[in-house]
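Observations on the three-dimensional arrangement
The lines below spell out each chain.
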Amino acid sequence: MKARLSAFSLLNPGKLKVLLSLGIKGYLADKGWFDAYRTKSAIDQDGKPIAWVTYSFIDFIKDRISKQHDIFEFGSGNSTLFYAGMARSVYSVEHDRDWFEKSSKINLPNVNMIHCNLVPGGDYCKSAQTTGKKFHVIIVDGRDRVNCCKQAIDALTEDGVLVLDDSERPVYAEVHTFLQQHGFKYLPFSGMAPGVIISKYTSVFYKPNNCLNV
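As annotated in an unreviewed UniProt entry, the protein chain carries the name FkbM family methyltransferase and is attributed to Pedobacter heparinus.

1. Looking at the overall build of the protein chain
For the protein chain, the helix and strand inventory stands at 10 helices and seven strands. Burial analysis of the protein chain (214 residues in total) assigns 46% to the buried set. Counting only contacts in the protein chain whose residues sit at least 6 apart along the sequence, the fraction spanning at least 24 positions is 52%. When the accessible surface of the protein chain is summed, it comes to about 11400 Å², and 54% of that surface belongs to carbon and sulfur atoms.

2. Side note on the sheet that holds strand β1 (residues 70–74)
Spatial ordering of the open sheet is given by β3-β2-β1-β4-β5-β7-β6, a layout of seven strands whose pairing is mixed. Each edge of the open sheet is held by one strand with a lone partner, namely β3 (111–115) and β6 (185–191). On average, adjacent strands in this sheet sit at an angle of 15° to one another, irrespective of strand direction. Alignment of β1 against strand β4 (residues 135–140), held across four bridges, turns out to be parallel. Within β4, the residue paired with F74 across the bridge is V140. Against the sheet, helix α9 (residues 145–152) engages β1, β4 and β5 (156–165), with an angle of about 170° to β5.

3. Observations concerning unusual backbone geometry
You will see that N107, though not glycine, has its phi angle at about 50°, which is positive. Relative to the helices and strands, N107 resides in the loop between α7 (97–103) and β3. Overall, the relative accessible area of 69% leaves N107 in the exposed class. A positive phi is found at N213, a non-glycine position, where the angle reads about 55°. Looking at the element boundaries, N213 is found in the segment after β7 (200–206). Residue N213 is classed as exposed on the basis of its relative accessible area, which comes to 67%.

4. Examining helix α10 (residues 173–181)
Among the residues of α10, those classed as buried are V175, H176, F178 and L179. Contacts made by the buried residues of α10 are with α9, β5, β6 and β7. At the exit of α10 stands G183, carrying a positive phi of roughly 90°.

5. Regarding the pattern of salt bridges
It is possible for side chains of opposite charge to pair when their charged atoms get near one another. Within the structure shown, the criterion is met by 11 salt bridges. In this structure, D59 engages K62 in a salt bridge whose closest nitrogen and oxygen atoms are separated by 3.6 Å. Residue D59 is classed as partly exposed on the basis of its relative accessible area, which comes to 30%. Residues joined by salt bridges that share partners form a network here, namely D141, R145, D165, D166, R169 and K200.

6. A closer look at the side chain of H69
Looking at the secondary structure, you find H69 in the loop between α5 (55–61) and β1. Judged by its relative accessible area of 7%, H69 falls in the buried class. Excluding its chain neighbours within four sequence positions, the residues that come into contact with H69 are R64, A87, R88, S89, H136 and C211.

7. Thoughts on a nonpolar patch on the surface
Together, Y37, I197 and I198 line one region of the surface with nonpolar side chains, adding up to about 350 Å² of accessible area. By the element assignment, I198 lies in the loop between β6 and β7.

8. Concerning the packing of aromatic side chains
In total, this model carries 12 aromatic pairs according to the counting rule given. Where F57 meets F189, the ring centres are 5.9 Å apart and the plane angle is 70°; that geometry is what we call edge-to-face. Of this pair, F57 sits in helix α5 while F189 sits in strand β6, and the two are 132 residues apart along the sequence. For F57, a relative accessible area of 1% gives the class buried. Given the relative accessible area of 12%, F189 is considered buried. In this structure an aromatic cluster arises from ring pairing among F72, F74, Y91, Y124 and F135. Looking at K207, its charged tip hangs above the ring of F184, at a distance of 4.8 Å from the centre.

Calculation rules
Residues numbered from 1 in each chain as written. Predicted model: local features only at pLDDT ≥ 70, side-chain atom pairs only at ≥ 80, totals over all residues. Heavy atoms only, no water. Helix = DSSP H or I, 4+ residues; strand = E, 2+ residues; numbered from the N terminus. Buried < 20%, exposed > 50% of the residue type's maximum accessible area, 1.4 Å probe, protein only. Contact = heavy atoms within 4.5 Å. Areas by Shrake-Rupley, 256 points an atom, 1.4 Å probe, with all protein chains shown as cover. Pairing = 2+ DSSP bridges. Axes fitted to C-alpha atoms, helices over the stretch in contact; angles between N-to-C directions. Salt bridge = Lys/Arg side-chain N within 4 Å of Asp/Glu carboxyl O. Patch = residues over 30% accessible without salt bridge, like charges linked within 9 Å, V, L, I, M, F, W, Y side chains within 5 Å. Phe/Tyr/Trp six-rings, centres within 6.5 Å; stacked < 30°, edge-to-face > 60°. Lys NZ or Arg CZ within 6 Å of the ring centre and 35° of its normal.

The following block contains the structure:
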C-alpha cells in the first residue's frame, strides 16, 4: 500500500494531498461522510441518525418538516429517528422481520412501526392506505417501489408530497410518468449519500400549494 501511495504522490502530489485531507476538512468531512462509511450507518457529523438519502435532500427537508406533519415511510431505520425528531408522527412499514424487530426498539411516542410481508402489488405497497390516515409526506425507500408510489398518492393529504429515493434508476421511469400524469411536478436532489461513493438522486414529487412550500 505504501509503495502505491508513494508512486501516486510522485505522479500526482497535489491530488494525493487533497485525498488525504478529505477526512479532515471539506464537504465530506463536514457532512460526517467518513464516519458513515466506517460504521456503515446513516449518521451526520455529530453521529446523529439521518436518512440514507442524498445530502442535498437532507439539507432541503430538515428545515421544512415540522410538528404539523405526519410522515409515512416505506423502509425503516435511522431515517425513522431522523424524521421522528421533526414530525408530528412517523409511520414506518418494514417487510423484513428481523429488521422490523430491531426498528421497533426505537420506542418513541410518535413512531408507529408496521410489519407487512412483501408480495409485489400486495398489502405492503398499500400499507399507507390501510392505516386509514392521510400523510403530508410519503417516502418510498423500501421494496416494490413502483407499486408503492402508485398506491401512495391515495394516502396523501391535499397538499402532500411523495419522495422517491434512487429515482434516477431506469426501473423507476414508470413512476415519473405515472405521477406526472396525475399532476405532480418533479424536483430532483442529486449527489452523494451517507457512506456511499456513487452519486444518486432523491426526488420530491409535488403539486402546487404543497406542504413543503416548493
